[in-house]
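Here is what each chain is made of, one letter per residue.
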Amino acid sequence: MGGSLGRPAGIAAGVACGASGAAGSCDAAAALRADEEEGRTKDDKQLSSVAQSAVNLAKNIIGSGMFALPAGVAAFSGSPKALVPSVAFTLLLGVLSAYGFVLIADACNRTGETTYQGSWGKAIGHRSKWVPAVACIAKAGIGCISYSMILGDCLSLLL
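Thresholds applied
- Residues numbered from 1 in each chain as written.
- Predicted model: local features only at pLDDT ≥ 70, side-chain atom pairs only at ≥ 80, totals over all residues.
- Heavy atoms only, no water.
- Helix = DSSP H or I, 4+ residues; strand = E, 2+ residues; numbered from the N terminus.
- Buried < 20%, exposed > 50% of the residue type's maximum accessible area, 1.4 Å probe, protein only.
- Contact = heavy atoms within 4.5 Å.
- Areas by Shrake-Rupley, 256 points an atom, 1.4 Å probe, with all protein chains shown as cover.
- Axes fitted to C-alpha atoms, helices over the stretch in contact; angles between N-to-C directions.
- Parallel < 35°, antiparallel > 145°, perpendicular 65-115°, else oblique.
- Nonpolar A, V, L, I, M, F, W, Y, C, P; charged D, E, K, R; others polar.
- Left-handed = near helix turned anticlockwise from the far one by under 90°.
- Expected span 1.5 Å × (residues − 1).
- pLDDT = per-residue confidence, 0-100.
- Polar contact = N/O pair within 3.5 Å; in protein donor to acceptor, adjacent residues only side chain to side chain.
- Patch = residues over 30% accessible without salt bridge, like charges linked within 9 Å, V, L, I, M, F, W, Y side chains within 5 Å.
- Salt bridge = Lys/Arg side-chain N within 4 Å of Asp/Glu carboxyl O.

Visitor: Please explain the overall build of the protein as it appears in this structure.
Guide: What the protein contains, in helices and strands, is six helices and zero strands. Taken across its 159 residues, the protein has 11% of its residues classed as buried. Across the protein, every contact between residues at least 6 apart in sequence was considered, and the portion connecting residues at least 24 apart equals 23%. As displayed, the protein has an accessible area near 12100 Å², and 69% of this comes from carbon and sulfur atoms.

In structure tokens:
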């Protein structure tokens, strides 16, 4: 908050830009100057807060569960009693997923990195640090294909 007249530094720098140049380049230059004034580098900038990340993760998990759980229970059994083992299995997978997130956070903490790819590079080797990125892309692609199949089956029954 090191700008003039109590304004944040980015606002003061943005006002100084005036009508010169394009608005996008002016905003980027102002933000860079504000970061430099506060002693931050490009790498220090946080992309999202913990709360934003938690809400995004919950939204994704709940969204996928709304498609997968009813279909899984229906495929397992038509009885309402099948809901108990289904929910127990879902909770078990949730605990295992949370444990995986804790392990990734611990690996990042031990290596001093802020990304999974950076942590992998320090722990395994820099030549193979592309592996986590490819695994995440493949998982997302498989998820899209799975959702497309589920939606295709549901829509074919409706139409």
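Visitor: I keep staring at the packing of helix α5 (residues 116–123) against helix α6 (residues 131–158) and nothing clicks. Help me out?
Guide: The packing of two helices is summarised by the inter-axis angle and the distance between the axes. The N-to-C vectors of α5 and α6 enclose an angle of 140°; their axes lie 8 Å apart at closest approach. Accordingly, the angle class assigned to the pair α5 and α6 is oblique. Residue-level contacts link Tyr116, Gln117 and Trp120 of α5 to Val131, Pro132 and Ala133 of α6. In terms of residue class, the contact of α5 with α6 is built from five nonpolar, one polar and no charged.

Visitor: Which parts of the structure should I look at to understand the packing of helix α4 (residues 83–111) against α5?
Guide: Two elements in contact, α4 and α5, have axes whose closest approach is 9 Å; the angle formed by their N-to-C orientations is 60°. One way to sum up the angle between α4 and α5 is to call them oblique. Along this stretch, α4 crosses α5, giving a crossing that reads as left-handed. Two secondary-structure elements touch here, α4 through Ile104, Ala107, Cys108 and Thr111 and α5 through Tyr116, Ser119 and Lys122.

Visitor: What's the story with α4 in this structure? I'm lost.
Guide: Along an α-helix, residues three or four apart share an orientation, since each turn contains 3.6 residues. Under the 1.5 Å per step criterion, the end-to-end length of α4 is 42 Å for 29 residues, consistent within 8% with the ideal 42 Å. Those residues of α4 lying buried are Ser86, Cys108 and Thr111. The first or second residue beyond α4 is Gly112, which carries a positive phi of 80°.

Visitor: Would you explain the confidence of the model for the protein in this entry?
Guide: The predicted coordinates should not be examined in detail at positions where pLDDT is low. The predicted model of the protein has a mean per-residue pLDDT of 74, with 68% of residues at 70 or higher. The spread of mean pLDDT over the elements of the protein runs between helix α1 (residues 9–17), the lowest at 41, and α5, the highest at 90. Low pLDDT (under 50) marks residues 1–26, which in the prediction has 22 contacts with non-local residues, meaning those over four places away or in another chain.

Visitor: Help me understand the side chain of Ser119 in this model?
Guide: When you line up the elements, Ser119 lands in helix α5. Overall, Ser119 belongs to the buried group, its relative accessible area being 4%. Looking at Ser119, its side chain comes within polar contact range of the side chain of Thr111, at 3.2 Å.

Visitor: In this structure, what is going on with the environment of Thr115? I would like to understand it.
Guide: Locating Thr115 in the fold gives a position in the loop between α4 and α5. On the accessibility criterion, Thr115 (41% relative accessible area) is partly exposed. In this structure the side chain of Thr115 is engaged in a polar contact, spanning 2.9 Å, whose partner is the backbone nitrogen of Gly118.

Visitor: Even after reading the chapter, I still don't get a nonpolar patch on the surface, so can you show me in this structure?
Guide: Nonpolar side chains collect at one region of the surface, where Leu69, Leu83, Val87 and Leu91 lie side by side and expose about 330 Å² of accessible area between them. Looking at the nonpolar patch element by element, the count peaks at three residues for α4. Tracing the backbone shows Leu83 in helix α4. A relative accessible area of 45% places Leu83 in the partly exposed class.

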